[in-house]
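What follows is each chain in one-letter form.
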Amino acid sequence: MSVFAYPSETIREAEKPLLEAGIPLMARAARALANSAAAMLKADYGQVAGTRVCVLAGPGNNAGDALFAAATLGRRGAAVTIITLFDRTHGEGLTAARRAGAQVIAFTSSETETEADAEAARADALRELSRAHLVLDGILGTGGRRGLPDHISSLIADWAPHRTGRLIAVDIPSDLDPNHTGAEKRLHADRTVTFGGLKTELIDPRADAFTGTIDVIDIGLGLDPRSAAAELLDRDDLVSEFPRPDATGHKYSRGVTGVLAGSEDYPGAGMLTTTSAVNTGAGMVRYLGSPLVAEYVLGLHPEVVNASGRIDSVVLGPGDPETEFVQGVAEALAGNRTPVVVDAGGIDMIARAESMAGTWLADRPLIITPHAAELARLLSRLLGEIITAGRIGANPMWWAQRAAELTGAIVLLKGHHTVIAAPDGHLVLPAPGPGSLATAGSGDVLAGILGTLAAITAAHSRYDSDDRMHPPREWARLAGLAVLLHNEAGRRAVTASGFADALAEVVGELIHGTDAVGSASSGPGSRSRYC
């Protein structure tokens, strides 16, 4: 199910009143950390007793969590070694670990140490790390400085080739800044045990290599999801929230999807987009483009309507539809708030507009679905400087947020880790899909899915309140569900036409309540990283 991510500042603010009231948050965190560590040791070695545990202890509360957890493991028979890396660490935690039998190695950058003492401490630290079955990273937390001191980073680099045990990061891996280079000098965790709530630092796709599986431990902060910076969606959200037909509904209450996709040069895009719209379960699909493409579409899907009339959403752009048909749709949508999904060539059309406020796309729910190169062209025009796809790929969350702010649209930045941003900066991050989705035409299929889900949502609003706007965050979440549905189709085929056809099977399972979609969560690459 969906998981919310919060800025670290929000979590720290939520902790303050509880700490002032004397609630033992550190004890709760340390207990959960010890349980997670014990479970990992038992899974690997059958028991805790007789294993070797090493703690990398920094100066703050993360070290306190690690030290108290290590004390618990020591009392259960583990041989514990503490490596202190600064001139100070958490005093009470260190005392507890010592009382449980832990040995302590001081490996700091203190100028008072002789070179011989420093080398001896380094050798001792490297020996203990290399033979440890489990290491707890309690060096720095969210309040720590970016970058590890040289004596620590060089120790990590020397240890990495000899590492045989596992690593748990306490709350957040030390030196997580994704802009830092030199991965060989950084800690790569097998698991991150984070407390209070999922932190936004942990959800950046560039952090995957350093976090491992993330366990989110509830320590009683009572965080309000409305204060979250991001929401993560997985298959369970698709199963529970896919919009199923109402038994008393009709084709118009199910939504009419308008498709303006394909051209005489690229007719296949029109067929893929229309097929996916049909198979996602639209009440009706209207094809709005080239008569040549319409012939192909109607030959494949006789239920598609090739005539003007009511529409609840429009998909625009795949296959570079001709200008005359774009203009016809613009005239038909003038003065209303019909949602529009813009993909492919339609995104370049937006880029050429001097101002979004002056276009027919303004004042309506607007979702754009660029890949990095398309977003780079759009942002280059909007910002008046060269933005490259490489820059966007290096920080996709930030650039998606920037594009949403500039355009007022929901921005669905496609990629292995798809990022969806609302204009207020809120992010929706659907679970990644299979590698088979990286193929020509896949984006056309996604556009058709999204257009139909938007049409269904708008049609429900028409009958409920005649207001199609909805808060931007709801549209961002809808886009996330579309990505998850696209992922499911990608697990059942290897070509874009195969994805479009597979949608009928997936949607049928969702509508009729069979458990094939949900039970597939045991398949490779399908499980959420957040527990």
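Residues numbered from 1 in each chain as written. Predicted model: local features only at pLDDT ≥ 70, side-chain atom pairs only at ≥ 80, totals over all residues. Heavy atoms only, no water.

K.L.:
Just to check I follow, could you spell out the overall build of the protein for this structure?
P.N.:
For the protein, the helix and strand inventory stands at 19 helices and 18 strands. Oriented by its inertia axes, the alpha-carbon framework of the protein measures out at about 85 × 50 × 45 Å. Across the 531 residues that make up the protein, the buried fraction comes to 53%. At a minimum sequence separation of 6, the contacts of the protein that also span at least 24 residues come to 73%. When the accessible surface of the protein is split by element, carbon and sulfur atoms take 51% of a total near 21700 Å². The distance from the centre of the 46 positive side-chain charges to the centre of the 62 negative ones in the protein is 5 Å. (Helix = DSSP H or I, 4+ residues; strand = E, 2+ residues; numbered from the N terminus. Buried < 20%, exposed > 50% of the residue type's maximum accessible area, 1.4 Å probe, protein only. Contact = heavy atoms within 4.5 Å. Areas by Shrake-Rupley, 256 points an atom, 1.4 Å probe, with all protein chains shown as cover. Lys, Arg positive; Asp, Glu negative; His and termini not counted. Charge placed at Lys NZ, Arg CZ, Asp CG, Glu CD.)

K.L.:
I'm lost on the nonpolar core in this one. Help?
P.N.:
Soluble globular proteins tend to bury their nonpolar side chains together. Ranked by internal contacts, the top residues of the largest apolar core, which has 49 residues, are I203 and V342. Examining the composition of this core, we find that five residues originate from one element, helix α15 (residues 396-407), more than from any other. With residues near it in sequence (within four places) discarded, V342 still touches L316, I347, I350, L361, L366, I367, I368 and T369. Grouped together as the second largest cluster of nonpolar side chains are 39 residues, W475, A476, A489 and V517 included. (Core = buried A, V, L, I, M, F, W, Y, C linked by side-chain atoms within 4.5 Å.)

K.L.:
I'm lost on the pattern of salt bridges in this one. Help?
P.N.:
Should the charged atoms of two oppositely charged side chains come close, the side chains can pair. If you walk through the whole model with that rule in mind, you get 26 salt bridges. Of the charged contacts, one joins D124 and R127 as a salt bridge, the two residues approaching to 2.9 Å between their closest N and O atoms. Here D124 and its partner R127 are both found in helix α5 (residues 115-131), three residues apart, which amounts to about one turn of the helix. Under the relative-accessibility criterion, D124 is labelled partly exposed at 31%. As a salt-bridge pair, E488 and R491 come within 2.8 Å of each other at their nearest N and O atoms. One network of salt bridges, in which partners are shared, links D124, R127, E128 and R131. (Salt bridge = Lys/Arg side-chain N within 4 Å of Asp/Glu carboxyl O.)

K.L.:
Any chance you could explain unusual backbone geometry here in plain terms?
P.N.:
When glycine is set aside, most residues are seen to have a negative phi, and most peptide bonds are trans. Located in the positive-phi region is D171, a residue other than glycine, with phi close to 70°. For D171, a relative accessible area of 9% puts it in the buried group. One non-glycine residue, D363, lies in the positive phi region at around 60°. Within the element layout of this structure, D363 appears in the loop between α12 (345-352) and β15 (366-368). Owing to a relative accessible area of 54%, D363 belongs among the exposed residues under this scheme.

K.L.:
Just to check I follow, could you spell out the sheet that holds strand β2 (residues 52-57) for this structure?
P.N.:
Working definition: the strands of a sheet are paired by backbone hydrogen bonds and lie parallel or antiparallel to each other. Spatially, seven strands are ordered β4-β3-β2-β5-β6-β7-β9 in an open sheet, and the strand pairing comes out parallel. Two strands lie at the open edges of the sheet, namely β4 (103-106) and β9 (213-217), each paired on one side alone. For this sheet, the mean angle separating the axes of adjacent strands, direction not counted, is 20°. Judged from the three bridges that link them, strand β6 (residues 166-170) and strand β7 (residues 191-195) form a sheet pairing that is parallel. Counterpart to A169 in the pairing with β7 is T192. Against the sheet, helix α2 (residues 25-45) makes contact with β2, β5 (134-138), β6, β7 and β9, and its axis sits at roughly 170° relative to β6, the strand it touches most. Packing of α5 onto the sheet brings it into contact with β2, β3 (79-84), β4 and β5, and relative to β4 it is tilted by some 130°. (Pairing = 2+ DSSP bridges. Axes fitted to C-alpha atoms, helices over the stretch in contact; angles between N-to-C directions.)

K.L.:
For this particular structure, what's the right way to read the side chain of S130?
P.N.:
Along the polypeptide, S130 turns up in helix α5. Classification of S130 by relative accessible area gives buried; the value is 19%. Within the structure, the side chain of S130 is placed 2.8 Å from the backbone oxygen of L126, a separation counted as a polar contact. Once residues lying within four places of it in the same chain are set aside, the contact partners of S130 are W159, H162 and T164. (Polar contact = N/O pair within 3.5 Å; in protein donor to acceptor, adjacent residues only side chain to side chain.)

K.L.:
Help me out: how do you make sense of the pairing of strand β13 (residues 313-316) in this one?
P.N.:
In summary, the side chains of a regular strand alternate between the two faces of the sheet. Residues S313 and V315 point to one face of β13 and V314 and L316 to the other, with burial holding for every one of them. In terms of strand pairing, strand β11 (residues 256-260) meets β13 through four bridges, oriented parallel. The residue bridging T257 from the neighbouring strand is S313, located in β13. As paired strands, β13 and strand β14 (residues 340-342) are joined by three bridges and run parallel to one another. Within β14, the residue paired with L316 across the bridge is V342.

K.L.:
I would appreciate a short explanation of the confidence of the model for the protein in the present structure.
P.N.:
Detailed reading of the predicted coordinates is not advisable wherever pLDDT falls low. When the pLDDT values of the protein are averaged, the result is 92; 92% of them are 70 or greater. Every residue in residues 520-527 is under pLDDT 50, and counting partners more than four places away or in other chains gives nine contacts. (pLDDT = per-residue confidence, 0-100.)

K.L.:
Explain the packing of aromatic side chains here, please?
P.N.:
How two aromatic rings sit relative to each other is set out by the distance from centre to centre and by the angle between their planes. Scanning the model with the defined rule gives one aromatic pair in all. Between the aromatic rings of W398 and W399, the centroid separation amounts to 4.7 Å while the plane-to-plane angle is 90°, which identifies the pairing as edge-to-face. Using a relative accessible area of 41% as the deciding quantity, one classes W398 as partly exposed. Residue classification places W399 among the buried positions, given a relative accessible area of 7%. (Phe/Tyr/Trp six-rings, centres within 6.5 Å; stacked < 30°, edge-to-face > 60°.)

K.L.:
Just checking my understanding: could you explain the sheet that holds strand β17 (residues 419-421) for this structure?
P.N.:
In spatial order, the strands read β8-β1-β10-β18-β17-β16-β15-β14-β13-β11-β12; together these 11 strands make up an open sheet with mixed pairing. Only two strands of the sheet have a single neighbouring strand rather than two, namely β8 (198-199) and β12 (284-287). For strand β1 (residues 3-6) and strand β10 (residues 230-233), the ladder comprises three bridges, and the chain directions are antiparallel. Across the sheet, V3 pairs through a bridge with L232, a residue of β10.

K.L.:
Can you walk me through helix α1 (residues 8-20) in this structure?
P.N.:
Three- or four-residue spacings in an α-helix give side chains the same orientation, since the helix completes a turn every 3.6 residues. Its 13 residues give α1 an end-to-end C-alpha distance of 19 Å, which sits within 8% of 18 Å, the value for a rise of 1.5 Å per residue. Among the residues of α1, those classed as buried are S8, I11, A14 and L18. Looking down the long axis of α1, one finds its buried residues gathered within 130° of arc, a one-sided arrangement. For α1, the secondary structure elements touched by its buried residues are β1, α2, β7 and β8. Residue G22 follows α1 closely and has a positive phi angle near 80°. (Expected span 1.5 Å × (residues − 1). Arc of directions from axis to C-beta.)

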